[in-house]
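Each chain, letter by letter, is given below.
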Amino acid sequence: MKKIFTLFLFFISLPLFCFDIAGSHRGKITALIHNTDTVISAGEDGFIVIWSVSRREAVERFQLTKNGIKSMVKHPLKDEICVIESSDIGDDKISAWNYKTKEKLFSVGEKADFVNYSAGGTYVIIADLNDSRIILRDSSNGHALSDMDIPPGKVTFGITGKTEQNILLYQGENEDFEGQILYLDMESFSVTGRFNAPANLSNIIIFGNNLWLAGINSSGLLITDAASGMALDSVPNIEKSALLYPINDGFFCFSHEKNILYRFTVDRRGIIVKRQNLFIVPNNEETISAFAVNVTAVFADEGGNLFMAGLTSESQGKLFKMAHNFQTRIIEIAANDKSIAFLTEDGGLGFLPHDFKFINDNYKFFLKKTSGFTRMTAIASLSSKENQREPYILWQGDNAQIIPKIVYSDLTDDEIPLNFMIERKPLRSISSKNGNILVLDSAGRLSIYNFNNFKAGFTSSYVGAVESAFVDENYLLLCRSAINGNSPFLFVNYRTGETIPVTLEAQAGIFAYTGNSGRIYAASVTRQWLGVKTKISELSINKPAYNVTLYVYGGEASNLSIAEVNGVSAITGGSEGATIYHMIDFERTQGLSVKLLGLKDFFLSLDSEGNISWHNTDGKLLAVFRINKDKWVLETDGKTFGGTLE
């Protein structure tokens, strides 16, 4: 008679806020690695989270990519992982990381459905369901070792023997609409064995010293001889979406339909000889999306939660929810001469000094509530008073219902509504220079207002306008769609109305920025038969045909931002983080940079996790500021300062 274990789900009470507890995933967890006391989870949000089994909590959260992570495997010998990144616009990549040092080993554009390390970790095996080939890359640097043509068929699984001289591949469907197992010799790159096998197996695992394959198709769960492809045993009525995980003498199978975790072992003939049923009784509506086993079992759901279950006789009967805390994300930053302003995701408005060295445990920090604002523009000051209040415009670009307003860095109540700035169309951009405010809306209406009296000194409309920014005391730069023969960039003299088109091959200009040095930076998007490219160029008013390419991103760069400090320029966009021109990478925080500002001596960065960080002109991380619930934290030079928000 089979022994039945029932696991009752209950939630351990989360501790009060602790700086050591990290956040989980904001969405579905797609992959798990269970390595002794450490569990690594990857998700559709592009983050990995490191969990401690003994502490039952998340200890670190780190963003690998702005794409989703759909698969993750661990190096068999090192603290390294390889992931498949996938995006809606086809910006797919394979990347490898040291998950302890947070060092990226390589990142290559590669469309893939399957990835695995070789047995010794020398290389990674990459397969694409739409392509009858296997790509092998060096696991340390991503260099291609070979591109092997194989018989037609969709590869969904691959593994090597211990010597890494042979590769076993499973194809779910070949030209005869059957499944097959292939053996490839690494020395000759030739197929040395080819066997028919059950078709369309999903969630494939290999176990028993690489003797047996297990997978699921319409017939249920099948055990297959890895040497011959012969089906040896089966368990009917296991749904195709069930999850499998190998152990030395067998494997675990989790059934979503029955909420049962099965444990199977097989004999030397590949016949199932032992079965245990562990009932999982979840009390939430989230579906289990992944699980892994290593003494204990861990389960992940589509809501980003992780649960742990003991499998020994002493620990059976309990399923624990692992603890995690999310920090309050800062979503926007702006900087004036002396202050840094920021907005939080829950409508908070706060200010910081330029120099993080003034922030310590005695710093009095205030947060004011606002409503509906997601963007912020610093108004350049005309005064040099020591203790002047610095003005900022709060606005948003989603609709024309929320009126922009001016607020001050001392958080006084004398706010100024700017009803005249917004009519029937939402705003696209606001910038400020020399006491003037430049406003562009989604209809292409561009206006310049004097900050002292708010009178419009210049007004015009431009078809396809995307972005605008001041260049100097006479010119602004307009970014626009290159339709009907338009140039993507147009210099406009807002005193005389003169226009100077910029000669540049692109479908659209999307971003403009002028540094303190006077250098003019512009971003454009070009669509070619190979895909979309985003290019950062340096432009000149005096030489409209002059442009120098500084940076090219293979894709449509999201959260594109440029900043300059003491003549040094930095760029962020895509999934590679912030980079100083000439390709010096910023030292990373937990998230990827989404906005850069140039202060007097520092670069200021806002990342996707909601951290504000200071960096020097070599990219070194100097300090990080974050908010957790009703507390603030500053980390710098190995020290942590913090306090309560007031």
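From a predicted model like this one, the values you see are computed outputs, not experimental measurements.

1. Re the overall build of the protein chain
Then, in step 1: Per the secondary structure count, the protein chain includes 0 helices and 59 strands.
Then, in step 2: Computed over the C-alpha atoms, the radius of gyration of the protein chain is 29 Å, within 12% of the 26 Å expected from 2.2 N^0.38 for a compact globule of 646 residues.
Then, in step 3: C-alpha atoms of the protein chain, sized along the principal axes, occupy 90 × 55 × 45 Å.
Then, in step 4: Split into buried and exposed, the 646 residues of the protein chain put 55% on the buried side.
Then, in step 5: Long-range pairs, those at least 24 residues apart, make up 42% of the contacts in the protein chain with a sequence separation of at least 6.
Then, in step 6: For the protein chain, the computed accessible surface area is about 28000 Å², with 48% contributed by carbon and sulfur atoms.
Then, in step 7: Taken together, the 61 basic and 72 acidic charged side chains of the protein chain have centroids lying 3 Å from each other.

2. Here we look at the nonpolar core
Then, in step 1: Among the nonpolar cores identified, the biggest contains 32 residues, and Leu32, Phe254, Leu261, Phe291 and Phe299 are the most heavily contacted of them.
Then, in step 2: Looking at this core element by element, the count peaks at 5 residues for strand β26 (residues 288-294).
Then, in step 3: Not counting the four nearest positions on each side in its chain, leucine 261 is found in contact with Phe252, Cys253, Phe254, Gln276, Asn277, Leu278, Ile280, Phe291 and Phe299.
Then, in step 4: If you look at the next biggest cluster of nonpolar residues, it comprises 26 residues, including Ala127, Leu201, Ile206 and Leu222.

3. So, the packing of aromatic side chains
Then, in step 1: Per the counting criterion, the structure on display carries 25 aromatic pairs.
Then, in step 2: Note on phenylalanine 251 and phenylalanine 264: the rings are 5.3 Å apart at their centroids and 45 degrees apart in plane angle, and the pair reads as tilted. Of this pair, phenylalanine 251 sits in strand β23 (residues 250-255) while phenylalanine 264 sits in strand β24 (residues 260-266), and the two are 13 residues apart along the sequence.
Then, in step 3: Assessed through its relative accessible area of 0%, phenylalanine 264 is described here as buried.
Then, in step 4: In textbook terms, an aromatic cluster arises when at least three aromatic residues are bridged by ring pairs, as seen for Phe342, Tyr363, Phe365, Phe625 and Trp632.
Then, in step 5: For arginine 61, the ring lying beneath its charged end belongs to phenylalanine 47, and the centroid distance is 3.6 Å.

4. What about the environment of isoleucine 181?
Then, in step 1: Within the fold, isoleucine 181 resides in strand β16 (residues 179-185).
Then, in step 2: When the C-alpha positions of isoleucine 181 and glycine 109 are compared, they lie 28 Å apart, and in sequence the two are 72 residues distant.
Then, in step 3: Not counting the four nearest positions on each side in its chain, isoleucine 181 is found in contact with Leu168, Leu169, Tyr170, Gly193, Arg194, Phe195, Ala197, Leu213, Thr224, Asp225, Ala226 and Gly229.

5. A closer look at the pairing of β16
Then, in step 1: For β16, the buried fraction is high: 6 of the 7 residues fall into the buried class.
Then, in step 2: Relative to strand β17 (residues 190-197), β16 is paired through 7 bridges, and the arrangement is antiparallel. Looking at β17, one finds that leucine 182 is bridged to arginine 194.
Then, in step 3: Remark: 4 residues form the turn of the hairpin made by β16 and β17, two consecutive strands paired antiparallel; phenylalanine 189 in that turn has positive phi of roughly 55 degrees.

6. Description of the sheet that holds strand β44 (residues 489-493)
Then, in step 1: Taken in spatial order, the 4 strands line up as β42-β43-β44-β45 in an open sheet, and their pairing is antiparallel. Single-partner strands in this sheet number two, and they are β42 (465-470) and β45 (499-502). Here the average twist between neighbouring strands, direction ignored, is 20 degrees.
Then, in step 2: Here β44 runs beside β45; their pairing, made up of 4 bridges, is antiparallel. Among the inter-strand pairings, phenylalanine 491 is bridged to a residue of β45, identified as isoleucine 500.

7. Regarding the sheet that holds strand β21 (residues 231-235)
Then, in step 1: What the 4 strands build is an open sheet, ordered β18-β19-β20-β21; its pairing is antiparallel. Whereas interior strands pair on both sides, the edge strands pair on one side only; in this sheet they are β18 (202-207) and β21. Neighbouring strand axes in the sheet, compared pairwise and without regard to direction, differ in orientation by 20 degrees on average.
Then, in step 2: Here strand β20 (residues 220-225) pairs with β21 via 4 bridges, running antiparallel. Pairing of leucine 222 across the sheet is with serine 234, part of β21.

8. Remarks on the pattern of salt bridges
Then, in step 1: Applying the stated criterion across every chain yields a total of 22 salt bridges.
Then, in step 2: Across the pair arginine 61 and glutamate 609 runs a salt bridge whose closest N-O atoms are separated by 2.5 Å. Residue arginine 61 is found in strand β5 (residues 57-63), and its partner glutamate 609 is found in the loop between β55 (603-607) and β56 (612-615); the two are separated by 548 residues along the sequence.
Then, in step 3: Among the residues examined, glutamate 609 registers a relative accessible area of 4% and is labelled buried.
Then, in step 4: Here the residues in one salt-bridge network are Asp45, Arg61 and Glu609, joined through shared partners.

9. Observations regarding the side chain of aspartate 267
Then, in step 1: Considering the arrangement of structural elements, one finds aspartate 267 in the loop between β24 and β25 (272-281).
Then, in step 2: Exposure remark for aspartate 267: the relative accessible area of 19% places this residue in the buried category.
Then, in step 3: For aspartate 267, the contacting residues outside a window of four places in its chain are Trp212 and Val273.

10. Some thoughts on unusual backbone geometry
Then, in step 1: Positive phi values are uncommon outside glycine, yet asparagine 434 reaches one of about 55 degrees.
Then, in step 2: Summarising the element assignment, asparagine 434 is placed in the loop between β38 (427-433) and β39 (436-441).
Then, in step 3: The phi angle at aspartate 637 is positive, at roughly 50 degrees, despite the residue not being glycine.
Then, in step 4: Within the secondary structure layout, aspartate 637 lies in the loop between β58 (631-636) and β59 (639-644).

11. Quick look at the pairing of β55
Then, in step 1: Counting buried residues along β55, 5 of its 5 residues qualify, which places the element largely inside the surrounding structure.
Then, in step 2: Of the two faces of β55, both are covered, the one formed by Phe603, Ser605 and Asp607 as well as the one formed by Leu604 and Leu606.
Then, in step 3: Pairing of strand β54 (residues 593-598) with β55, which is carried by 5 bridges, proceeds in the antiparallel orientation. Bridged to leucine 597 within β55 is leucine 604.
Then, in step 4: The antiparallel hairpin formed by β54 and β55 contains 4 residues in its connecting segment.
Then, in step 5: Strand direction decides the pairing type here: β55 and β56, joined by 4 bridges, are antiparallel.

12. A closer look at the side chain of serine 447
Then, in step 1: Locating serine 447 in the fold gives a position in strand β40 (residues 445-450).
Then, in step 2: Not counting residues within four places of it along the chain, the set of residues in contact with serine 447 comprises Ile437, Leu438, Val439, Phe458 and Thr459.

13. Some thoughts on the environment of serine 289
Then, in step 1: Residue position: serine 289 is located in strand β26.
Then, in step 2: The class for serine 289 is buried, based on a relative accessible area of 13%.
Then, in step 3: Sequence-wise, serine 289 and glycine 304 are 15 residues apart; in three dimensions their C-alpha atoms are separated by 9.4 Å.
Then, in step 4: When near neighbours in sequence (up to four residues on either side) are disregarded, serine 289 contacts Lys28, Ile29, Leu243, Ala300, Asp301 and Glu302.
Then, in step 5: Of note is the side chain of serine 289, whose polar atom sits 2.5 Å from the backbone oxygen of isoleucine 29.

14. Structural notes on the environment of asparagine 362
Then, in step 1: Its location among the elements puts asparagine 362 in the loop between β32 (348-353) and β33 (367-369).
Then, in step 2: C-alpha separation for the pair asparagine 362 and proline 426, spaced 64 residues apart in sequence, amounts to 41 Å.

About the cut-offs
- Think of each chain on its own: its residues are numbered from 1, step by step along the sequence as written.
- Side-chain atom pairs in this predicted model are given and counted only at pLDDT of 80 or more, local residue features only at pLDDT of at least 70, and totals for whole chains, interfaces and linings cover all residues.
- Remark: hydrogens and water are excluded; side-chain values derive from all non-hydrogen atoms of the structure.
- Starting at the N terminus, helices and strands are each numbered in turn, a helix being any DSSP run of H or I of at least four residues and a strand any DSSP run of E of at least two.
- Taken over C-alpha atoms, the radius of gyration is set against a globule rule of 2.2 Å times the number of residues to the power 0.38.
- The rule is simple: take the accessible area with a 1.4 Å probe, protein chains only, and divide by the maximum for that residue type; under 20% is buried, over 50% is exposed, in between is partly exposed.
- Throughout, a residue-residue contact means that at least one pair of heavy atoms, one from each residue, lies within 4.5 Å.
- Accessible surface is estimated by sampling points in the Shrake-Rupley manner with a 1.4 Å probe; for residues, cover comes only from the protein chains shown.
- Counted as positive: Lys and Arg. Counted as negative: Asp and Glu. His and the chain ends are not counted at all.
- Think of each charge as sitting on NZ of Lys, CZ of Arg, CG of Asp or CD of Glu.
- Residues belong to one nonpolar core when they are buried, are Ala, Val, Leu, Ile, Met, Phe, Trp, Tyr or Cys, and are joined through side-chain atoms within 4.5 Å.
- Working definition: rings of Phe, Tyr and Trp (its six-membered ring) pair if their centres are within 6.5 Å, and the pair is stacked with planes under 30 degrees apart, edge-to-face with planes over 60 apart, and tilted otherwise.
- Both a distance and an angle decide whether a charge sits over a ring: NZ of Lys or CZ of Arg must be within 6 Å of the ring centre and within 35 degrees of the ring normal.
- At least two DSSP bridges between two strands are needed for those strands to be called paired.
- Note on method: axes are straight lines fitted to C-alpha atoms, helices fitted across the in-contact stretch only, with angles between N-to-C directions ranging 0 to 180 degrees.
- The salt bridge definition used is simple: a Lys or Arg side-chain nitrogen within 4 Å of an Asp or Glu carboxyl oxygen.
- Nitrogen and oxygen atoms within 3.5 Å of one another constitute a polar contact, given that in protein one can donate a hydrogen and the other can accept it, and given that sequence-neighbouring residues count only through two side-chain atoms.

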